[in-house]
Amino acid sequence: MDTPIYRFKELASTNDEAMRLAQGGALAFTAVVADSQSAGRGRNGRAWVSPGGTGLYASLVLHPTVRAGDIPLLTLLCGLSAAEAIRETTALDARIKWPNDILVNMRKVAGILCEASIPADGDPIAIAGLGVNVNTLPRDLPERPLFPATSLVAESGHCHEREEILSKWIERTRHWTRVLESGGAREVVAAWNALDALRGAGIRVTQAGGPEVNGTEAGADAEGRLLVLAGDGALHRILAGDVKLNV
Ligand code: BTN
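Scoring rules and cut-offs
- Residues numbered from 1 in each chain as written.
- Predicted model: local features only at pLDDT ≥ 70, side-chain atom pairs only at ≥ 80, totals over all residues.
- Heavy atoms only, no water.
- Near = heavy atom within 4 Å.
- Polar contact = N/O pair within 3.5 Å; in protein donor to acceptor, adjacent residues only side chain to side chain.
- Areas by Shrake-Rupley, 256 points an atom, 1.4 Å probe, with all protein chains shown as cover.
- Helix = DSSP H or I, 4+ residues; strand = E, 2+ residues; numbered from the N terminus.
- Domains from an automatic or database assignment.
- Buried area = accessible area lost by both parts, 1.4 Å probe.
- Salt bridge = Lys/Arg side-chain N within 4 Å of Asp/Glu carboxyl O.
- Pairing = 2+ DSSP bridges.
- Axes fitted to C-alpha atoms, helices over the stretch in contact; angles between N-to-C directions.
- Parallel < 35°, antiparallel > 145°, perpendicular 65-115°, else oblique.
- Contact = heavy atoms within 4.5 Å.

1. Regarding the site of the ligand
Surrounding the ligand, one finds 20 residues, the nearest of these being Ser13, Gln37, Arg41, Arg43 and Lys108. In this structure, an oxygen atom belonging to the ligand sits 2.7 Å away from a main-chain N or O atom of arginine 43. The side chain of lysine 108 places a nitrogen or oxygen atom 2.6 Å from an oxygen atom of the ligand. Summarising the interface, the protein chains cover 99% of the accessible area of the ligand, which totals 420 Å² for the free molecule. Breaking the shell around the ligand down by element, the ones donating at least two residues are helix 1 (14-23), strand 3 (56-62), strand 6 (107-117) and strand 7 (125-132). In terms of residue count, strand 6 provides more of the shell around the ligand than any other element does, four residues in total.

2. With respect to the domain arrangement of the chain
It is common to give the size of an interface as the accessible area lost on bringing the parts into contact. Once the domains are mapped, the chain shows domain 1 (5-194) and domain 2 (202-245). Each of domain 1 and domain 2 has a C-alpha centre, and the two are 23 Å apart. Of the roughly 1,200 Å² buried between domain 1 and domain 2, counting both surfaces, carbon and sulfur atoms make up 61%. The largest share of the area that domain 1 buries against domain 2 comes from Trp98, Leu146 and Val189, three residues that together contribute 43% of it. At the boundary of domain 1 and domain 2, one finds one salt bridge.

3. Notes on the sheet that holds strand 8 (residues 202-206)
The pairing of strands in a sheet comes from backbone hydrogen bonds and takes either a parallel or an antiparallel form. Read across the open sheet, the five strands follow the order 11-10-9-8-12; overall the sheet is antiparallel. On the outer flanks of this sheet lie strand 11 (235-238) and strand 12 (242-245), each paired with one strand and no other. Mean inter-strand twist for the sheet, computed between neighbouring axes without regard to direction, equals 45°. Two elements, strand 8 and strand 12, share four bridges in a ladder whose sense is antiparallel. Bridging from a neighbouring strand, isoleucine 203 pairs with leucine 245 of strand 12.

4. What about the packing of helix 4 (residues 162-181) against helix 5 (residues 185-194)?
It is the contact of helix 4 with helix 5, at a shortest axis distance of 7 Å, that shows an interaxial angle of 140°. Relative to helix 5, helix 4 is oriented oblique. The segment helix 4 lies against helix 5, with Trp176, Val179 and Leu180 engaging Ala185, Glu187, Val188 and Ala191.

5. So, the sheet that holds strand 6
Ordered in space as 1-2-3-7-6-5-4, the seven strands form an open sheet in which the pairing is mixed. Both outer strands of the open sheet, strand 1 (5-11) and strand 4 (95-97), are each paired with one neighbouring strand and no more. For this sheet the average axis-to-axis angle between neighbouring strands, irrespective of direction, equals 25°. Here strand 2 (residues 31-37) runs beside strand 3; their pairing, made up of four bridges, is antiparallel. Bridged to valine 32 within strand 3 is serine 59. Relative to the sheet, helix 1 contacts strand 1, strand 2, strand 3, strand 6 and strand 7, its axis offset from that of strand 7 by approximately 155°.

Following this line, the structure appears as structure tokens:
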């Protein structure tokens, strides 16, 4: 079944509009897309620079009917779907840095921000927001020390259709949500692990209020946690944190 795509010239944040629609009863996979955002948000309170005419800024309403233990997999699933959409529409080797940064040639082209709300009298609502630097020139992107920002045009040498990436992302997110809802958590994680950008790399993970963990990146586990094998043989399972390369 096709669900509506609401299009805007500019929004503060497509995630906010999608949440507003969801709270008003919008169906799962209702999409919101804006040509530009005046207050685009990234993970951990960062801003997501959203110039008009060049980037894809979109959010999807999700009404997940998954086991509570599978909820963290929802965010991985949205990143997996974004990486697949970019691979299929551009032929670039898009990979995922846990939890859901999309990298091409170890530079960041896209990110996912998942936000949830649990109404007192209703089912949980999740919003998945996708930002992709599609035809943006690198000089218009913010500086990032590690995994520098890049765009699809910079990596491939030609422009790409934002609409194609959007419809492929919706299609892949529908697919993986169906898989997860029918008990296919292992399948989701296996597909995510096959596109893991940092598997086997030396990494450093900083966790809010937790210790810094150093070791070898060993993929995601069945619950979506990042596995890090430390030098002393201990296997750490990270629920939330920021991953950097150990250089
Ligand atoms: C990140 O990598 O930090 C996540 C970036 C997510 C940006 C997208 S753009 C569409 C949606 N609306 C927002 O305000 N943020 C997300």
